[in-house]
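Report on the structure
As a plain string of letters, each chain reads:
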Amino acid sequence: MTMHIWTASPRANEASAPTWFDTILIVSTQFLVEARAGAARAGRLTTPHGEVETPVFMPVGTLASVKGLPQEVLEELGVEILLANTYHLYLRPGVEQVRKLGGLHGFMSWPRSILTDSGGFQVFSLNDLRKVSQEGVTFRSHLDGSSHFFSPESAMEAQIGLGADIIMAFDECTEYPAEPERVRASMELTLRWAERSKNYFEEHKNEVPCNKVSDRTQALFGIVQGGMDLALRKESAERTIEIGFPGYAIGGLSVGEPRHVTREIVEATVQHLPAERPRYLMGVGTPEEIVEYANLGIDMMDCVLPTRAARHGLLFTSEGRISIKQAQYAGDESPLDPNCVCPICRRYSRAYLRHLYASNEVLAQVLNTIHNLSFYLDTMRAVRHSISLGRGARFLSEVWSRAKL
Ligand SMILES: [Zn+2]
């Protein structure tokens, strides 16, 4: 059924009054689980900018750029969704600037899906001098030392202005290790902030600088915290679900805890999340780990590892990790990874990649990043394929030969 709704002008700076659009009822993301294998699922997430096959690895484009790669290359590699960081974009070039230029999609000319984080994690990880209160967080810019303040409301305002397809509730990432009372207090704060995030979002979600008329709009996901305490993770999940979101993230992991603890928390927390909603594990991991977490029922992951490691000459291959700077590759005519079909492995030798890196050529970062991202994306494709065949736990060992590092 078609109905009229009020929605913000695509370019709010050009018109002060809302514009009539003839469109169907606006809904946020849709998620369909299409196949299961044990706890793992293969699904399809539909956002205002297209479909995303899950489980998915989301490359990180902190400043509206996956470092070193133009958007057309990302498209060729099959990237369906990427992540951008609100904290960095808020500081530079500024949310208002991005909003006026059509939101992130228009600004960076990326027609597919985007997810932004809330800025909470960056404030946590980049600011030793941050001050947390019930109201929000005061922090200093890592660029010029200037003082800034993020609250659930201002973090939502920033993410609505950036216009990503999926935005995240403002949370506090609990440090590790932490005393039990501190973990609970932090979890309670995140729950109060989740409620405030949702309230602000519901009142302002029509202000998204959408660059096309779509029958879908931005979605706000909640974040489960609770440190390394299984009971608190359960409580955090249940109370976040009570607030109600179209998707749920597991935050506060990969903050220095041992890997077996990360796995234990993920496995336990997933069981308390609704099966029909996407589950996003924030900030992980190695190729081996993303396979393992997909096996536990995680649908979405992001990590700077493949792109950051590439810029440092650390390459993931089906035969293990390669540090391309090593002299042993100086005369090596073989491809970086004989089992990889990426454009780099099809064309260039290890000797050439080693030379580019040793010579500090910009091209080294570009080629290395293309390969590492291809490796991650291909690994996820293999995982999805295995799940779609219903191979259960067996798929893990089959994919393992690619990811075992
Ligand atoms: Zn390759």
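Residues numbered from 1 in each chain as written. Predicted model: local features only at pLDDT ≥ 70, side-chain atom pairs only at ≥ 80, totals over all residues. Heavy atoms only, no water.

1. Details of the overall build of the chain
To keep it simple, the criterion reads: A run of H or I in DSSP counts as a helix once it spans at least four residues, and a run of E counts as a strand once it spans at least two, with each numbered from the N terminus. Only heavy atoms matter for contacts: two residues are in contact if any of them lie within 4.5 Å across the pair.
In terms of helices and strands, the chain carries 15 helices and 18 strands. The long-range fraction of contacts in the chain, counting pairs at least 24 apart against all pairs at least 6 apart in sequence, stands at 66%.

2. Looking at the sheet that holds strand β13 (residues 219-224)
Sheet strands line up and pair through hydrogen bonds in the backbone, either parallel or antiparallel. Basically, it comes down to this: The rule for pairing is simple: two strands pair if DSSP sees at least two bridges between them. Geometry is summarised by axes, namely lines fitted to C-alpha atoms with helices restricted to the contacting stretch, and by angles between N-to-C directions that run from 0 to 180 degrees.
Read across the sheet, eight strands follow the order β6-β16-β15-β14-β13-β12-β8-β7 without closing on themselves; strand pairing throughout is parallel. Edge positions in the sheet fall to β6 (56-58) and β7 (81-84), since each has one partner strand and no second. Adjacent strand axes in the sheet meet at a mean angle of 25°, parallel and antiparallel pairs treated alike. The pairing of strand β8 (residues 113-116) with strand β12 (residues 166-168) spans two bridges and is parallel. Directly across from Leu-115, in β12, lies its bridge partner Ile-166. Of the strands in this sheet, β13, β14 (248-250) and β15 (279-281) are in contact with helix α9 (residues 259-270), which crosses β14 at around 155°.

3. Describing the sheet that holds strand β5 (residues 50-54)
Taken in spatial order, the three strands make up an open sheet running β3-β4-β5, and their pairing is antiparallel. Looking at which strands have only one partner, the edges of the open sheet turn out to be β3 (30-37) and β5. Ignoring strand direction, the axes of neighbouring strands in this sheet form an average angle of 15°. With seven bridges connecting them, β3 and strand β4 (residues 40-47) associate as antiparallel partners. Counterpart to Gln-30 in the pairing with β4 is Thr-46.

4. Let's talk about the coordination of the zinc ion
Our working rule: In this description, a donor is an N, O or S atom within 2.8 Å of the metal centre, a cutoff extended to 3.2 Å for sodium, potassium and calcium. Water is not part of the atom list, which can make sites seem incomplete. When four donors show all angles between 85 and 135 degrees the site is tetrahedral, when four or six donors have opposite pairs over 155 degrees and all other angles between 65 and 115 it is square planar or octahedral respectively, and in every other case it is irregular. Only protein chains enter the calculation, and the probe is 1.4 Å; a residue is then buried if its accessible area is under 20% of its type maximum, exposed if over 50%, and partly exposed in between.
In this structure, Cys-340 (SG), Cys-342 (SG), Cys-345 (SG) and His-371 (ND1) serve as the protein donors to the zinc ion, at separations of 2.1 to 2.3 Å. Angles of 99 to 117° at the metal separate the four donor atoms of the zinc ion, which places the site in the tetrahedral class. All donors of the zinc ion belong to a single chain; written as a sequence motif, their spacing is C-x1-C-x2-C-x25-H. Here Cys-345 is found in helix α12 (residues 343-347), whereas its partner His-371 is found in helix α14 (residues 362-388), with 26 residues between them in sequence. Taking the relative accessible area as the measure of exposure, Cys-345 reaches 7% and is therefore buried.

5. Some remarks on the confidence of the model for the chain
What counts, and what does not: Each residue carries a pLDDT score, the predictor's confidence in it, ranging from 0 to 100.
Chain-level pLDDT for the chain is 90 on average; 89% of the residues reach the 70-or-more range. Low pLDDT, under 50, characterises residues 1-24; the predicted model gives this stretch 39 contacts beyond four residues in sequence or across chains.

6. Brief notes about unusual backbone geometry
Geometrically, the link from Tyr-176 to Pro-177 is a cis peptide bond, its omega value of -5° lying close to zero. Relative to the helices and strands, Pro-177 resides in the loop between β12 and α7 (180-204). With omega at 5°, the peptide bond leading from Val-284 into Gly-285 counts as cis. On the secondary structure map, Gly-285 appears in the loop between β15 and α10 (287-295). Positioned with a positive phi, Ser-109 is a non-glycine residue whose angle comes to about 55°. You can call Ser-109 exposed: its relative accessible area is 53%. Phi is positive for Asn-360, close to 60°, though the residue is something other than glycine.

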